[in-house]
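A structural walkthrough
Take a look at the letters that make up each chain.
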Amino acid sequence: MFEIRVICDPDDTDRVTAALADTFAAGATRAYPTRDGKRTRLYVTADHRPDPEPFPTPDTAYVHAPSIVSEIGWTARTLATAACFTELDRVFYLRKAALLDRIALLDEPDGSGDTSETALTSARMLLMLETDRVPMAPYLLDQADHDPRGYVRQQYARQAACVCDDFGEGDCLRHPDPDH
């Protein structure tokens with residue numbers, strides 16, 4: 001851990017603080033005027049960012065996933081019951097990307113071909129959602145942009161816990177049947 005001191009124009013305070021937070025694991029920024037009162041002194045306690053965790057393997061990510069046939073049915077029902085031009089939620093795009101990833105893994109284990117390209121496109125679509133892209137730290141965003149399908153596996157594994165009994169937790173990825 002170390003302390004960073006920056007002296008800058010008061011108008012640059014937000015930009016400098018954001019750049020430090022993007023570069024380091026930074027604590028709260030403390031701001032004080034300089035002795036002449038024309039500039040601002042910023043103090044930040046920071047540490048090096050940890051290396052990103054590796055993405056899970058497909059076997060680990062999809063260990064609790066419903067069958068591919070079940071997920072195809074869920075995806076088709078969701079699209080069939082949505083009104084035209086309805087914006088679907090993140091859960092739909094995550095499950096669709098995971099489904100296409102799983103199909104591509106079965107159909108083209110070497111990762112080359114149309115099925116793999118479709119899975120990659122769907123994974124990139126998930127990454128373009130504001131819910132995923134905006135709050136992500138730049139170093140994590142670089143990792144996800146480098147391996148979008150790995151990002152899908154990570155996100156699916158995080159949400160694959162059964163939430164059927166948790167009020168307000170959203171759709172359960174382990175039990176897609178609404179009558180469960």
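Attention here is on the structure that accompanies the text. Please read these numbers as outputs of a predicted model, since none were measured by experiment.

1. A look at the overall build of the protein
The number of helices and strands found in the protein is eight helices and three strands. Its helices and strands taken in sequence order, the protein reads β-α-β-β-α-α-α-α-α-α-α from the N to the C terminus. With 180 residues in all, the protein has 37% of them scored as buried. Long-range pairs, those at least 24 residues apart, make up 61% of the contacts in the protein with a sequence separation of at least 6. A total accessible area of about 11,300 Å² is found for the protein, and carbon and sulfur atoms account for 54% of it.

2. Here's the deal with the packing of aromatic side chains
Applying the stated criterion across every chain yields a total of five aromatic pairs. Of the aromatic side chains, those joined through ring pairs into one cluster are W74, F92 and Y93.

3. Observations regarding helix α5 (residues 114-128)
Between its terminal C-alpha atoms α5 stretches 21 Å, which fits the 21 Å expected from 15 residues at 1.5 Å a residue. When we look at burial in α5, the residues that qualify are S116, A119, L120, S122, A123, L126 and L127. Take α5 and look down its axis: the buried residues cluster within an arc of 165°, on one side only. The outward face of α5, more than 90 degrees from its buried face, is lined by the exposed residues D114 and M128. Tucked into the core, α5 has its buried residues touching α4 (90-107), α6 (130-133), α7 (138-146) and α8 (148-159).

4. Focus on the nonpolar core
Residues Y62, L126, Y151, V152 and Y156 are the most contacted members of the largest nonpolar core, which totals 22 residues. Secondary-structure elements contributing two or more residues to this core are α4, α5, α7 and α8. If one sorts the elements of this core by residue count, α4 sits on top with five residues. The next biggest cluster of nonpolar side chains, apart from the first, holds nine residues, and it includes I4, V16, L20 and V44.

5. Overview of the packing of α4 against α5
One can describe the packing of α4 onto α5 by two numbers: an axis separation of 8 Å at closest approach and a directional angle of 160°. One finds that α4 runs roughly antiparallel with respect to α5. Where α4 crosses over α5, the two elements pack in a sense that is left-handed. The residues of α5 that touch α4, namely those facing R90, Y93, L94, K96, A97, L100, D101, I103, A104 and D107, are T115, S116, T118, A119, S122, A123, M125 and L126.

6. Structural notes on the packing of α4 against α8
One way to put it is that α4 packs onto α8 with a least axis distance of 9 Å and a crossing angle of 120°. In terms of orientation, α4 and α8 fall into the oblique class. Once α4 is placed against α8, the crossing between them reads as left-handed. From α4, R90, V91, L94, R95, A97, A98, D101, A104 and L105 reach across to α8, where they touch R149, Y151, V152, R153, Q155, Y156 and Q159.

7. Some details on unusual backbone geometry
One non-glycine residue, F85, lies in the positive phi region at around 65°. When you line up the elements, F85 lands in the loop between α3 (68-81) and α4. A relative accessible area of 82% means that F85 is categorised as exposed.

8. Side note on the pairing of strand β3 (residues 40-47)
Here strand β1 (residues 2-8) runs beside β3; their pairing, made up of seven bridges, is antiparallel. Bridge pairing in β3 links C8 to T40. Pairing of strand β2 (residues 25-33) with β3 involves seven bridges; the strand directions are antiparallel. Looking at β3, one finds that R30 is bridged to Y43. The turn joining β2 and β3, which pair antiparallel and follow one another in sequence, is formed by six residues; a positive phi near 75° is taken by G37.

9. Here's the deal with helix α1 (residues 13-23)
The complete set of buried residues in α1 reads T13, V16 and L20. Along the axis of α1, the buried positions cluster into a sector of 70°, meaning they face one direction only. Turned more than 90 degrees away from the buried face of α1 sit D14 and R15, all of them exposed. Residues of α1 that are buried sit in contact with β1, β2 and β3.

The rules behind the values
Residues numbered from 1 in each chain as written. Predicted model: local features only at pLDDT ≥ 70, side-chain atom pairs only at ≥ 80, totals over all residues. Heavy atoms only, no water. Helix = DSSP H or I, 4+ residues; strand = E, 2+ residues; numbered from the N terminus. Buried < 20%, exposed > 50% of the residue type's maximum accessible area, 1.4 Å probe, protein only. Contact = heavy atoms within 4.5 Å. Areas by Shrake-Rupley, 256 points an atom, 1.4 Å probe, with all protein chains shown as cover. Phe/Tyr/Trp six-rings, centres within 6.5 Å; stacked < 30°, edge-to-face > 60°. Expected span 1.5 Å × (residues − 1). Arc of directions from axis to C-beta. Core = buried A, V, L, I, M, F, W, Y, C linked by side-chain atoms within 4.5 Å. Axes fitted to C-alpha atoms, helices over the stretch in contact; angles between N-to-C directions. Parallel < 35°, antiparallel > 145°, perpendicular 65-115°, else oblique. Left-handed = near helix turned anticlockwise from the far one by under 90°. Pairing = 2+ DSSP bridges.

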